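Results of the structural survey
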Amino acid sequence: MPLIEDDHLLAAEHLRLRMQRAEVEPALLLADLRDVFLGTPEAYGKSIVMAVHPLSPSIETDPSLLTRVLGTLLKNALEASGFGDVVTVRHRTDARGASFAIHNPAVMTQAQRIQIFSRQPSPVPPRRGLGTYAARIVAERALGGTLRFGSNPETGTVFLLELPQ
């Protein structure tokens with residue numbers, strides 16, 4: 001499963017993780033990511049929808065690191081979702097760059113929102129991992145992008161990864 005590993009996190013924290021730039025087709029990357037997750041326990045009873053125009057232009061970034069960041073966020077979205085829920089990953093490219101939005105209908109508690117990007121084990125049972133912290137560090141320090149989120153009862157939870165042109 002494409003997740004951020006400890007060596008990636010440590011290298012990114014110390015600004016030693018270097019991008020291996022390549023042309024990436026967002027539609028293909030997201031289709032591959034969906035296929036990896038479809039058979040996992042986290043996806044059982046849930047739908048994964050990838051919303052990207054098939055003719056969306058390619059982007060130049062590190063495909064492995066991008067896949068790991070998106071994989072971490074998708075795994076978290078699936079874990080937070082309930083049976084029958086839909087998790088959506090949307091992609092957009094414009095003059096500013098590329099963006100990926102990962103949405104699930106679950107709403108985070110205040111305690112979860114406060115700690116979401118901290119370097120502490122997850123506040124969500126079973127209290128493990130540094131997933132969103134690692135995703136943000138790699139997204140910002142290695143990929144040169146930004147990772148933010150919002151969570152409320154009206155829209156659920158959305159993580160937004162923005163990568164510069």
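Details of the structure are given in the entry above.
Below: a short report on this structure. Values in this document were obtained by computation on a predicted structure and should not be read as measured data. (Residues numbered from 1 in each chain as written. Predicted model: local features only at pLDDT ≥ 70, side-chain atom pairs only at ≥ 80, totals over all residues. Heavy atoms only, no water.)

What to know about the nonpolar core
- If you look at the biggest cluster of nonpolar residues, it comprises 34 residues, and the most contacted ones within it are Leu30, Leu66, Val69, Leu70, Leu74, Phe100 and Leu161.
- Put simply, the parts of the chain that give this core at least two residues each are α2 (26–38), β2 (47–51), α3 (63–80), β4 (86–94), β5 (97–104), α5 (131–142) and β7 (156–164).
- In terms of residue count, α3 provides more of this core than any other element does, eight residues in total.
- Not counting chain neighbours up to four residues away, the residues in contact with Leu161 comprise Leu66, Val69, Leu70, Ala98, Ser99, Phe100, Ala139, Thr146 and Leu147. (Core = buried A, V, L, I, M, F, W, Y, C linked by side-chain atoms within 4.5 Å. Buried < 20%, exposed > 50% of the residue type's maximum accessible area, 1.4 Å probe, protein only. Helix = DSSP H or I, 4+ residues; strand = E, 2+ residues; numbered from the N terminus. Contact = heavy atoms within 4.5 Å.)

Quick look at the pairing of strand β6 (residues 146–152)
- As paired strands, β6 and β7 are joined by seven bridges and run antiparallel to one another. Among the inter-strand pairings, Asn152 is bridged to a residue of β7, identified as Gly156.
- Counted between consecutive antiparallel strands, the loop separating β6 from β7 contains three residues. (Pairing = 2+ DSSP bridges.)

Considering the side chain of Asn104
- Checked against the element boundaries, Asn104 lands in strand β5.
- According to the relative accessible area criterion, Asn104 is buried, its value standing at 3%.

Some thoughts on α3
- Under the 1.5 Å per step criterion, the end-to-end length of α3 is 25 Å for 18 residues, consistent within 8% with the ideal 26 Å.
- Within α3, 13 of the 18 residues are buried, leaving the element largely enclosed by the surrounding structure.
- For α3, the side-chain oxygen to backbone nitrogen distance between the N-cap and Ser64 is 3.0 Å, and the N-cap itself is Asp62. (Expected span 1.5 Å × (residues − 1). Polar contact = N/O pair within 3.5 Å; in protein donor to acceptor, adjacent residues only side chain to side chain.)

Overview of the packing of aromatic side chains
- Applying the stated rule across the entire model yields two aromatic pairs.
- With centroids separated by 5.9 Å and ring planes inclined at 55°, the aromatic side chains of Tyr44 and Phe83 adopt a geometry described as tilted. Here Tyr44, found in the loop between α2 and β2, pairs with Phe83, found in the loop between α3 and β4; they are 39 residues apart in sequence, far enough to count as distant. As far as burial versus exposure is concerned, Tyr44 and Phe83 are alike and both exposed.
- Aromatic side chains Phe149 and Phe159 sit 5.5 Å apart centroid to centroid with 25° between the ring planes, which places their arrangement in the stacked category. (Phe/Tyr/Trp six-rings, centres within 6.5 Å; stacked < 30°, edge-to-face > 60°.)

Some thoughts on the pattern of salt bridges
- Taken as a whole and judged by the stated rule, the model has six salt bridges.
- Put simply, Lys75 and Glu79 hold a salt bridge, and the shortest N to O gap is 3.6 Å. Pair noted here: Lys75 and Glu79 are both in helix α3, with a separation of four residues, about one helical turn.
- Between Asp94 and Arg96 there is a salt bridge, with its nearest N and O atoms 2.9 Å apart.
- Exposure remark for Asp94: the relative accessible area of 24% places this residue in the partly exposed category. (Salt bridge = Lys/Arg side-chain N within 4 Å of Asp/Glu carboxyl O.)

Some remarks on the sheet that holds β6
- The five strands are arranged β2-β4-β5-β7-β6 in an open sheet whose pairing can be described as mixed. Where the open sheet ends on each side, the last strands, each with one partner, are β2 and β6. Recorded for the sheet is a direction-independent mean angle of 15° between the axes of neighbouring strands.
- Sheet analysis places β2 next to β4, joined by five bridges and oriented parallel. Paired with Ser47 across the two strands is Val86, which belongs to β4. (Axes fitted to C-alpha atoms, helices over the stretch in contact; angles between N-to-C directions.)

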